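Each chain, written out:
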Amino acid sequence: MKIPSFFSSSACDMAIDLGTVNTVIYVRNRGIVLNEPSVIALETRQGIRRVKVVGNEAKLMMGKTPAGIEAIRPLRDGVIADLDIAEQMIKHFIGKALEGGRFGRRHAIVVCVPSGSTMVERRALRDAASNAGASRVQLIEEPMAAAIGADLPVTEPRGAMVVDIGGGTTEVAVLSLNGIAYSGSARVGGDRLDEAIASYVRRAHNLMIGEVTSERIKCQIGAATLPDGEGRRITVKGRDLVNGRPAEISIAEVEIAQALSEPVGQIKAAVRAALEQTAPELSADIIDEGITLTGGGALLGRLDEALADATGLPVKVADAPLTCVAMGAGRALEQDAYEGVLASL
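What you are looking at is a predicted structure, and each value in this text was computed from that prediction instead of being measured.

A. Representation of the pattern of salt bridges in the model. Summed over the entire model, instances satisfying the criterion amount to 21 salt bridges. With a shortest N-O distance of 2.9 Å, Glu43 and Arg50 are connected by a salt bridge. For Glu43, a relative accessible area of 8% gives the class buried. Residue class for Arg50 comes out partly exposed when judged on its relative accessible area of 42%. Between Lys96 and Glu57 there is a salt bridge, with the nearest N and O atoms lying 3.7 Å from each other. Placement of Lys96 in helix α2 (residues 83–97) and of Glu57 in helix α1 (residues 56–60) is noted, with a sequence separation of 39 residues between them. Here Glu57 falls in the partly exposed class, since its relative accessible area comes to 41%.

Put into C-alpha coordinates, the structure is as follows:
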(Lines give C-alpha, C1' and ligand atoms only; values in the text may rest on other atoms or scores of the structure.)
Protein backbone atom coordinates (compact mmCIF):
# COMPACT_ATOMS: atom_id res chain seq x y z
CA MET A 1 0.00 0.00 0.00
CA LYS A 2 1.30 3.40 -0.92
CA ILE A 3 2.01 5.70 2.00
CA PRO A 4 0.41 9.18 1.73
CA SER A 5 2.86 11.94 0.90
CA PHE A 6 2.46 13.60 4.29
CA PHE A 7 3.80 10.48 5.94
CA SER A 8 6.97 10.34 3.84
CA SER A 9 10.22 10.52 5.82
CA SER A 10 11.17 13.82 4.24
CA ALA A 11 7.97 15.52 5.37
CA CYS A 12 7.10 14.35 8.88
CA ASP A 13 9.75 13.64 11.45
CA MET A 14 8.61 14.34 14.96
CA ALA A 15 5.71 13.91 17.41
CA ILE A 16 5.55 15.95 20.61
CA ASP A 17 3.46 15.26 23.70
CA LEU A 18 3.68 18.72 25.24
CA GLY A 19 2.41 17.90 28.70
CA THR A 20 1.78 20.02 31.76
CA VAL A 21 4.38 18.08 33.75
CA ASN A 22 6.57 16.33 31.15
CA THR A 23 7.37 16.79 27.47
CA VAL A 24 7.99 13.61 25.47
CA ILE A 25 9.36 13.65 21.92
CA TYR A 26 9.19 10.83 19.38
CA VAL A 27 11.41 10.99 16.29
CA ARG A 28 10.73 8.91 13.19
CA ASN A 29 12.69 5.64 13.09
CA ARG A 30 14.29 6.40 16.47
CA GLY A 31 11.37 6.16 18.89
CA ILE A 32 11.23 8.13 22.16
CA VAL A 33 14.32 10.34 22.30
CA LEU A 34 13.39 12.84 25.02
CA ASN A 35 11.32 12.71 28.22
CA GLU A 36 11.95 15.71 30.46
CA PRO A 37 9.96 18.00 32.78
CA SER A 38 8.11 20.89 31.10
CA VAL A 39 10.07 23.46 33.08
CA ILE A 40 12.24 26.33 31.88
CA ALA A 41 14.53 28.50 34.02
CA LEU A 42 14.94 32.12 32.93
CA GLU A 43 17.64 34.53 34.09
CA THR A 44 17.01 38.28 34.09
CA ARG A 45 19.98 40.59 33.63
CA GLN A 46 19.67 44.32 32.99
CA GLY A 47 16.00 43.88 32.18
CA ILE A 48 16.62 41.16 29.58
CA ARG A 49 15.38 37.60 30.16
CA ARG A 50 17.30 34.73 28.65
CA VAL A 51 17.02 30.97 28.93
CA LYS A 52 19.34 29.49 31.53
CA VAL A 53 18.40 25.78 31.51
CA VAL A 54 15.46 23.64 30.39
CA GLY A 55 14.02 20.31 31.50
CA ASN A 56 15.69 18.22 34.19
CA GLU A 57 18.14 20.96 35.22
CA ALA A 58 15.34 23.53 35.46
CA LYS A 59 13.15 21.28 37.63
CA LEU A 60 15.94 20.99 40.20
CA MET A 61 15.69 24.78 40.62
CA MET A 62 11.95 24.90 41.34
CA GLY A 63 11.31 26.62 44.65
CA LYS A 64 15.02 27.27 45.16
CA THR A 65 15.87 30.13 42.79
CA PRO A 66 17.54 33.39 43.91
CA ALA A 67 16.51 36.84 42.76
CA GLY A 68 16.98 37.24 39.02
CA ILE A 69 16.25 33.59 38.19
CA GLU A 70 12.81 32.01 37.93
CA ALA A 71 11.79 28.44 37.12
CA ILE A 72 8.53 28.41 35.15
CA ARG A 73 6.10 25.79 33.91
CA PRO A 74 4.59 27.44 30.80
CA LEU A 75 1.69 24.97 30.58
CA ARG A 76 -1.27 24.70 32.92
CA ASP A 77 -4.16 22.23 32.70
CA GLY A 78 -2.71 20.77 29.51
CA VAL A 79 -2.67 24.06 27.57
CA ILE A 80 -0.17 26.87 27.07
CA ALA A 81 -0.31 29.61 29.69
CA ASP A 82 2.67 31.62 28.35
CA LEU A 83 3.16 31.37 24.59
CA ASP A 84 6.58 33.07 24.30
CA ILE A 85 8.17 30.98 27.04
CA ALA A 86 6.58 27.79 25.67
CA GLU A 87 8.13 28.51 22.26
CA GLN A 88 11.59 28.86 23.79
CA MET A 89 11.13 25.63 25.75
CA ILE A 90 10.02 23.73 22.63
CA LYS A 91 13.00 25.04 20.64
CA HIS A 92 15.42 23.79 23.30
CA PHE A 93 13.70 20.41 23.53
CA ILE A 94 13.80 20.00 19.73
CA GLY A 95 17.51 20.83 19.78
CA LYS A 96 18.09 18.13 22.42
CA ALA A 97 15.96 15.60 20.55
CA LEU A 98 17.94 16.16 17.35
CA GLU A 99 21.22 16.01 19.30
CA GLY A 100 22.03 19.59 18.40
CA GLY A 101 21.15 19.08 14.74
CA ARG A 102 19.32 21.73 12.80
CA PHE A 103 15.53 21.48 12.49
CA GLY A 104 15.13 21.66 8.74
CA ARG A 105 12.51 23.77 7.03
CA ARG A 106 10.81 20.71 5.50
CA HIS A 107 10.36 19.00 8.84
CA ALA A 108 6.88 18.79 10.35
CA ILE A 109 5.59 18.17 13.85
CA VAL A 110 2.60 16.27 15.21
CA VAL A 111 1.42 17.84 18.47
CA CYS A 112 -0.88 16.11 20.96
CA VAL A 113 -3.81 18.20 22.23
CA PRO A 114 -6.39 17.58 24.98
CA SER A 115 -9.75 16.54 23.54
CA GLY A 116 -11.52 19.26 25.53
CA SER A 117 -9.22 22.09 24.45
CA THR A 118 -10.75 25.11 22.73
CA MET A 119 -9.86 26.35 19.24
CA VAL A 120 -7.89 29.20 20.82
CA GLU A 121 -5.87 26.77 22.94
CA ARG A 122 -5.19 24.57 19.90
CA ARG A 123 -4.02 27.56 17.88
CA ALA A 124 -1.63 28.47 20.71
CA LEU A 125 -0.09 24.99 20.55
CA ARG A 126 0.13 25.17 16.75
CA ASP A 127 1.72 28.63 16.84
CA ALA A 128 4.26 27.57 19.47
CA ALA A 129 5.36 24.61 17.31
CA SER A 130 5.40 26.73 14.12
CA ASN A 131 7.48 29.47 15.72
CA ALA A 132 9.86 26.82 17.00
CA GLY A 133 10.74 26.03 13.37
CA ALA A 134 8.21 23.51 12.01
CA SER A 135 7.09 23.92 8.41
CA ARG A 136 3.82 22.10 9.05
CA VAL A 137 1.96 21.28 12.26
CA GLN A 138 -0.61 18.50 12.58
CA LEU A 139 -2.69 17.83 15.69
CA ILE A 140 -3.79 14.55 17.25
CA GLU A 141 -6.13 14.29 20.21
CA GLU A 142 -4.46 12.84 23.29
CA PRO A 143 -6.96 10.00 23.94
CA MET A 144 -6.50 8.71 20.39
CA ALA A 145 -2.71 8.90 20.66
CA ALA A 146 -2.83 7.20 24.07
CA ALA A 147 -5.00 4.38 22.71
CA ILE A 148 -2.66 3.80 19.76
CA GLY A 149 0.36 3.81 22.09
CA ALA A 150 -1.35 1.30 24.38
CA ASP A 151 -1.97 -1.08 21.44
CA LEU A 152 -5.77 -0.82 21.63
CA PRO A 153 -7.71 -1.93 18.51
CA VAL A 154 -8.70 1.59 17.44
CA THR A 155 -8.80 0.70 13.71
CA GLU A 156 -11.34 -2.10 14.19
CA PRO A 157 -15.14 -1.86 14.55
CA ARG A 158 -14.82 -2.56 18.28
CA GLY A 159 -15.19 -0.18 21.19
CA ALA A 160 -12.11 0.55 23.30
CA MET A 161 -12.02 2.85 26.31
CA VAL A 162 -8.95 4.78 27.43
CA VAL A 163 -8.46 7.05 30.44
CA ASP A 164 -5.42 9.29 30.04
CA ILE A 165 -4.53 10.95 33.37
CA GLY A 166 -1.96 13.68 32.75
CA GLY A 167 -0.58 16.47 34.86
CA GLY A 168 -3.39 18.92 34.17
CA THR A 169 -6.31 16.97 32.73
CA THR A 170 -7.95 13.56 32.69
CA GLU A 171 -9.09 12.54 29.20
CA VAL A 172 -11.72 9.82 28.92
CA ALA A 173 -12.61 8.49 25.48
CA VAL A 174 -14.34 5.61 23.72
CA LEU A 175 -12.77 4.85 20.33
CA SER A 176 -13.70 2.80 17.29
CA LEU A 177 -12.76 2.75 13.58
CA ASN A 178 -9.99 5.39 13.88
CA GLY A 179 -12.41 7.82 15.47
CA ILE A 180 -13.58 9.02 18.86
CA ALA A 181 -17.15 7.95 19.60
CA TYR A 182 -17.20 9.81 22.91
CA SER A 183 -14.69 12.03 24.66
CA GLY A 184 -14.77 13.90 27.93
CA SER A 185 -12.20 15.95 29.77
CA ALA A 186 -11.92 16.84 33.45
CA ARG A 187 -9.50 19.46 34.75
CA VAL A 188 -8.03 17.10 37.30
CA GLY A 189 -4.67 15.37 37.10
CA GLY A 190 -1.30 15.04 38.75
CA ASP A 191 -1.13 18.74 39.68
CA ARG A 192 -4.48 18.57 41.47
CA LEU A 193 -3.27 15.51 43.39
CA ASP A 194 -0.14 17.40 44.47
CA GLU A 195 -2.21 20.40 45.56
CA ALA A 196 -4.52 18.15 47.60
CA ILE A 197 -1.53 16.63 49.41
CA ALA A 198 0.05 20.04 50.16
CA SER A 199 -3.30 21.39 51.41
CA TYR A 200 -3.83 18.39 53.70
CA VAL A 201 -0.34 18.59 55.19
CA ARG A 202 -0.85 22.31 55.82
CA ARG A 203 -4.23 21.79 57.53
CA ALA A 204 -3.47 18.65 59.50
CA HIS A 205 0.17 19.23 60.46
CA ASN A 206 0.67 23.02 60.16
CA LEU A 207 3.52 22.32 57.75
CA MET A 208 4.09 24.19 54.49
CA ILE A 209 5.59 22.05 51.72
CA GLY A 210 6.44 22.82 48.08
CA GLU A 211 5.50 21.24 44.75
CA VAL A 212 8.50 18.94 44.61
CA THR A 213 7.86 17.55 48.09
CA SER A 214 4.15 17.02 47.33
CA GLU A 215 5.06 15.11 44.18
CA ARG A 216 7.55 12.95 46.09
CA ILE A 217 4.88 12.05 48.67
CA LYS A 218 2.43 11.15 45.89
CA CYS A 219 4.95 8.94 44.11
CA GLN A 220 6.13 7.13 47.25
CA ILE A 221 2.95 6.54 49.27
CA GLY A 222 0.10 8.00 47.19
CA ALA A 223 -2.92 5.70 46.91
CA ALA A 224 -6.45 5.88 45.55
CA THR A 225 -7.94 3.55 48.17
CA LEU A 226 -7.42 3.24 51.92
CA PRO A 227 -4.78 0.71 52.99
CA ASP A 228 -5.15 -1.84 55.76
CA GLY A 229 -4.16 0.07 58.88
CA GLU A 230 -1.82 3.02 58.53
CA GLY A 231 0.14 1.62 55.59
CA ARG A 232 3.60 2.92 54.75
CA ARG A 233 5.10 6.02 56.37
CA ILE A 234 7.63 8.56 55.12
CA THR A 235 9.39 11.57 56.59
CA VAL A 236 8.38 14.97 55.23
CA LYS A 237 10.29 18.23 55.70
CA GLY A 238 8.99 21.76 55.34
CA ARG A 239 8.33 25.02 57.21
CA ASP A 240 6.37 24.99 60.47
CA LEU A 241 3.54 27.53 60.17
CA VAL A 242 3.33 28.04 63.94
CA ASN A 243 6.90 29.07 64.75
CA GLY A 244 8.25 29.64 61.24
CA ARG A 245 11.14 27.20 61.66
CA PRO A 246 12.09 24.23 59.43
CA ALA A 247 10.37 21.10 60.72
CA GLU A 248 10.13 17.39 60.03
CA ILE A 249 7.13 15.09 60.45
CA SER A 250 6.19 11.50 59.71
CA ILE A 251 3.11 10.97 57.57
CA ALA A 252 1.15 7.76 56.89
CA GLU A 253 -0.23 6.31 53.67
CA VAL A 254 -3.79 6.33 55.06
CA GLU A 255 -3.60 10.11 55.50
CA ILE A 256 -2.53 10.66 51.90
CA ALA A 257 -5.29 8.33 50.63
CA GLN A 258 -7.83 10.44 52.54
CA ALA A 259 -6.31 13.65 51.15
CA LEU A 260 -6.60 12.32 47.58
CA SER A 261 -10.19 11.12 47.92
CA GLU A 262 -11.70 14.25 46.33
CA PRO A 263 -9.60 14.39 43.11
CA VAL A 264 -9.81 10.60 42.76
CA GLY A 265 -13.58 10.94 43.10
CA GLN A 266 -13.56 13.45 40.22
CA ILE A 267 -11.68 10.96 38.03
CA LYS A 268 -14.24 8.26 38.90
CA ALA A 269 -17.08 10.66 38.05
CA ALA A 270 -15.54 11.44 34.63
CA VAL A 271 -15.27 7.70 33.85
CA ARG A 272 -18.84 7.01 34.95
CA ALA A 273 -20.11 9.94 32.86
CA ALA A 274 -18.36 8.50 29.80
CA LEU A 275 -19.90 5.08 30.35
CA GLU A 276 -23.38 6.62 30.67
CA GLN A 277 -22.96 8.39 27.30
CA THR A 278 -21.57 5.38 25.42
CA ALA A 279 -23.68 3.62 22.80
CA PRO A 280 -24.98 0.15 23.84
CA GLU A 281 -22.99 -1.81 21.25
CA LEU A 282 -19.77 -0.06 22.25
CA SER A 283 -20.60 -0.69 25.92
CA ALA A 284 -20.81 -4.40 25.15
CA ASP A 285 -17.31 -4.29 23.66
CA ILE A 286 -15.94 -2.41 26.69
CA ILE A 287 -17.14 -5.23 28.95
CA ASP A 288 -14.75 -7.53 27.04
CA GLU A 289 -11.91 -5.04 26.43
CA GLY A 290 -12.08 -3.29 29.80
CA ILE A 291 -10.66 0.16 30.56
CA THR A 292 -7.01 1.06 29.88
CA LEU A 293 -5.25 3.68 32.00
CA THR A 294 -2.43 5.81 30.56
CA GLY A 295 -0.54 8.92 31.63
CA GLY A 296 1.55 9.56 34.71
CA GLY A 297 -1.54 9.61 36.94
CA ALA A 298 -2.16 5.96 36.08
CA LEU A 299 0.82 5.13 38.32
CA LEU A 300 -1.04 6.28 41.44
CA GLY A 301 -1.23 3.34 43.79
CA ARG A 302 -4.36 1.16 43.53
CA LEU A 303 -6.09 3.55 41.11
CA ASP A 304 -6.96 0.63 38.84
CA GLU A 305 -8.64 -1.10 41.79
CA ALA A 306 -10.60 2.04 42.68
CA LEU A 307 -11.91 2.44 39.12
CA ALA A 308 -12.72 -1.27 38.85
CA ASP A 309 -14.81 -1.01 42.04
CA ALA A 310 -16.56 2.14 40.77
CA THR A 311 -17.43 0.74 37.32
CA GLY A 312 -17.56 -3.03 37.73
CA LEU A 313 -15.31 -3.38 34.68
CA PRO A 314 -11.78 -4.80 34.33
CA VAL A 315 -9.19 -2.02 34.50
CA LYS A 316 -5.54 -2.30 33.47
CA VAL A 317 -2.59 0.07 33.34
CA ALA A 318 -0.79 0.37 29.98
CA ASP A 319 2.73 -1.06 29.76
CA ALA A 320 4.42 2.35 29.43
CA PRO A 321 1.81 4.86 30.66
CA LEU A 322 4.20 7.83 30.80
CA THR A 323 5.13 7.63 27.10
CA CYS A 324 1.91 6.16 25.63
CA VAL A 325 0.68 9.44 24.12
CA ALA A 326 3.96 10.29 22.37
CA MET A 327 4.41 6.69 21.22
CA GLY A 328 0.90 6.65 19.76
CA ALA A 329 1.40 9.98 17.99
CA GLY A 330 4.66 8.64 16.55
CA ARG A 331 2.95 5.51 15.25
CA ALA A 332 0.21 7.67 13.71
CA LEU A 333 2.77 9.60 11.68
CA GLU A 334 4.65 6.46 10.64
CA GLN A 335 1.88 3.99 9.81
CA ASP A 336 -0.76 4.53 7.13
CA ALA A 337 -3.21 2.34 9.07
CA TYR A 338 -3.91 5.38 11.23
CA GLU A 339 -4.51 7.76 8.35
CA GLY A 340 -7.26 10.19 9.29
CA VAL A 341 -6.47 10.58 12.99
CA LEU A 342 -4.24 13.60 12.33
CA ALA A 343 -5.88 16.96 11.76
CA SER A 344 -4.77 20.38 10.55
CA LEU A 345 -5.88 23.67 12.04
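B. Spatial organisation of helix α8 (residues 261–277). With 17 residues, α8 should reach 24 Å at 1.5 Å per residue; the first-to-last C-alpha distance of 24 Å fits that figure. The complete set of buried residues in α8 reads Pro263, Val264, Ile267, Ala270, Val271 and Ala274. Buried residues in α8, looked at end-on, bunch into an arc of 115°, giving them a common side. Residues of α8 that are exposed and point over 90 degrees away from its buried face: Glu262, Glu276 and Gln277.

C. Summary view of helix α6 (residues 211–221). Listed as buried for α6 are Thr213, Ser214, Ile217, Lys218 and Ile221. Along the long axis of α6, the arc covered by the buried residues comes to 140°, so they all point the same way. Against the buried residues of α6 lie α5 (190–205), β15 (233–240), β16 (246–252) and α7 (253–259).

D. Fine view of the pairing of strand β1 (residues 14–18). In terms of burial, β1 is a largely internal element, five of the five residues being buried. The side-chain alternation of β1 yields two buried faces, one formed by Met14, Ile16 and Leu18 and the other by Ala15 and Asp17. Across three bridges, β1 lies against strand β9 (residues 108–113) in parallel orientation. Across the sheet, the residue bridging to Met14 is Ile109, located in β9. Sheet topology places β1 next to strand β2 (residues 22–27); five bridges connect them, and they run antiparallel. Residue Ala15 lies in a different strand from β2, and its bridge partner there is Tyr26. Between the antiparallel neighbours β1 and β2 lie three residues.

E. Focus on a nonpolar patch on the surface. Together, Leu299, Val317 and Leu322 give the surface a local cluster of nonpolar side chains, amounting to about 240 Å² of exposed area. Among the secondary structure elements, Leu299 is positioned in the loop between β17 (291–294) and α10 (303–311).

F. Looking closely at the environment of Phe93. Note on placement: Phe93 falls in helix α2. For the pair Phe93 and His205, spaced 112 residues apart in sequence, the C-alpha separation works out to 39 Å. Not counting residues up to four positions away in its chain, the partners in contact with Phe93 are Thr23, Ile25, Leu34, Glu36, Pro37, Val54 and Gly55.

G. Molecular detail of the side chain of Glu121. Within the secondary structure, Glu121 is located in helix α3 (residues 119–131). Dropping the residues within four chain positions of it, Glu121 is found in contact with Val79 and Arg187.

H. Structural context of the UniProt feature "binding site: ATP" (unreviewed entry) in the chain. The positions UniProt marks with the feature "binding site: ATP" (unreviewed entry) are Gly167, Gly168, Thr169, Glu215, Arg216, Ile217, Lys218, Gly296, Gly297, Ala298 and Leu299. The topology assignment puts Thr169 in the loop between β11 (160–165) and β12 (170–176). Given the relative accessible area of 4%, Thr169 is considered buried. In this structure, Thr169 is in contact with Asp77, Asp164, Ser185, Ala186, Arg187 and Val188, ignoring residues within four places of it in sequence. A relative accessible area of 51% means that Leu299 is categorised as exposed. Not counting residues within four places of it along the chain, the set of residues in contact with Leu299 comprises Pro321 and Leu322.

Rules and cut-offs
Residues numbered from 1 in each chain as written. Predicted model: local features only at pLDDT ≥ 70, side-chain atom pairs only at ≥ 80, totals over all residues. Heavy atoms only, no water. Salt bridge = Lys/Arg side-chain N within 4 Å of Asp/Glu carboxyl O. Buried < 20%, exposed > 50% of the residue type's maximum accessible area, 1.4 Å probe, protein only. Helix = DSSP H or I, 4+ residues; strand = E, 2+ residues; numbered from the N terminus. Expected span 1.5 Å × (residues − 1). Arc of directions from axis to C-beta. Contact = heavy atoms within 4.5 Å. Pairing = 2+ DSSP bridges. Patch = residues over 30% accessible without salt bridge, like charges linked within 9 Å, V, L, I, M, F, W, Y side chains within 5 Å. Areas by Shrake-Rupley, 256 points an atom, 1.4 Å probe, with all protein chains shown as cover. UniProt positions renumbered as here; feature names shortened; annotations may be inferred.

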